[in-house]
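Now for the letters of each chain:
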Amino acid sequence: MTVKDRVRVRETRLLSDNWYVLKTTTFDWKRTDGSWQTQSREHYDRGNGAVLLPYNPAAGTVLLVRQFRYPAFVSGYDDLLIEAAAGLLDDADPETRIRAEVEEELGYRLGAVRKVFEAFMSPGSVTEILHFFVAEYDASMKIGDGGGHPDEGEDIEVIEPTLVEALAMIADGRIRDAKTIMLLQHLALTLRT
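It should be emphasised that the depicted structure is a prediction, and the values quoted were computed from it without experimental measurement.

Enquirer: Before we go on, may I ask you to explain a nonpolar patch on the surface in this structure?
Expert: Together, Phe68, Tyr70, Phe73, Val74 and Leu80 make up an exposed nonpolar region whose accessible area comes to about 510 Å². Of note, Phe73 is situated in helix H1 (residues 70-74). Residue classification places Phe73 among the partly exposed residues on the basis of a relative accessible area of 40%.

Enquirer: Help me understand a negative patch on the surface in this model?
Expert: Taken together, the side chains of Asp90, Asp91, Asp151 and Glu152 make up a negatively charged region of the molecular surface. Mapped onto the secondary structure, Asp91 falls in the loop between strand E8 (85-88) and helix H2 (94-105).

Enquirer: Before we go on, may I ask you to explain the layout of surface pockets in this structure?
Expert: One way to see where empty space is left: roll a probe the size of a water molecule over the atoms. In this model, the largest pocket occupies a volume close to 1300 Å³. Residue contributions to the lining of the largest pocket peak at four residues, all from H2. Of the residues that constitute the lining of the largest pocket, the class distribution is 14 nonpolar, six polar and 14 charged.

Enquirer: What should I look at first to understand the environment of Glu42 in this one?
Expert: The residue Glu42 is located in strand E3 (residues 36-45) in this model. Between the C-alpha atoms of Glu42 and Ala171, which are 129 residues apart in sequence, the distance is 33 Å. Leaving out residues up to four positions away in the same chain, Glu42 has contacts with Leu15, Leu22, Lys23, Thr24, Gly124 and Ser125.

Conventions adopted
Residues numbered from 1 in each chain as written. Predicted model: local features only at pLDDT ≥ 70, side-chain atom pairs only at ≥ 80, totals over all residues. Heavy atoms only, no water. Patch = residues over 30% accessible without salt bridge, like charges linked within 9 Å, V, L, I, M, F, W, Y side chains within 5 Å. Areas by Shrake-Rupley, 256 points an atom, 1.4 Å probe, with all protein chains shown as cover. Salt bridge = Lys/Arg side-chain N within 4 Å of Asp/Glu carboxyl O. Helix = DSSP H or I, 4+ residues; strand = E, 2+ residues; numbered from the N terminus. Buried < 20%, exposed > 50% of the residue type's maximum accessible area, 1.4 Å probe, protein only. Lys, Arg positive; Asp, Glu negative; His and termini not counted. Charge placed at Lys NZ, Arg CZ, Asp CG, Glu CD. 1 Å grid on protein atoms, 1.4 Å probe; cavity = no way out; pocket = protein on both sides within 12 Å on 5 of 7 lines; lining within 4 Å. Points joined across faces, edges and corners; volume = space filled by probe spheres on them. Nonpolar A, V, L, I, M, F, W, Y, C, P; charged D, E, K, R; others polar. Contact = heavy atoms within 4.5 Å.

What follows is the structure in structure tokens.
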């Protein structure tokens, strides 16, 4: 039996289509003991995305962005978030989209990029699958200042800490973004020094 055999959708209603799509669905779930239980869940569909952490093995550095995130602010975080470059796919394949995001946000045109994994970031309420990438960079790949697109509300600062500094920023709470933490820890575990 697959999960598909254990779900019977009763009703799906659109709650909002303002920024992205928010729906509520009532469904029956076949429990492990064989009984059926009616449940209701909201799910937010913002599309799938990609994230990339550039690293410079010779310098021991990574490229990150610092930017304002309203949901973090309204949750009580009174600082700019430090993150890896990321963006929604917008109907592009993950590698094409993340290359464009890195150019827009960081100002670098990368050579080879490597996909390392995919993950659901908040599967209890958000449908997004995030594609995670890493890539080597050096100064010769810099094509601009980055910073994002002001007309899209982006006001991005590029920072270049060492990997050791970035890991310390996780430990002391300066880096709180899950996708960034995952990529920094992945790099720390896999990088051969």
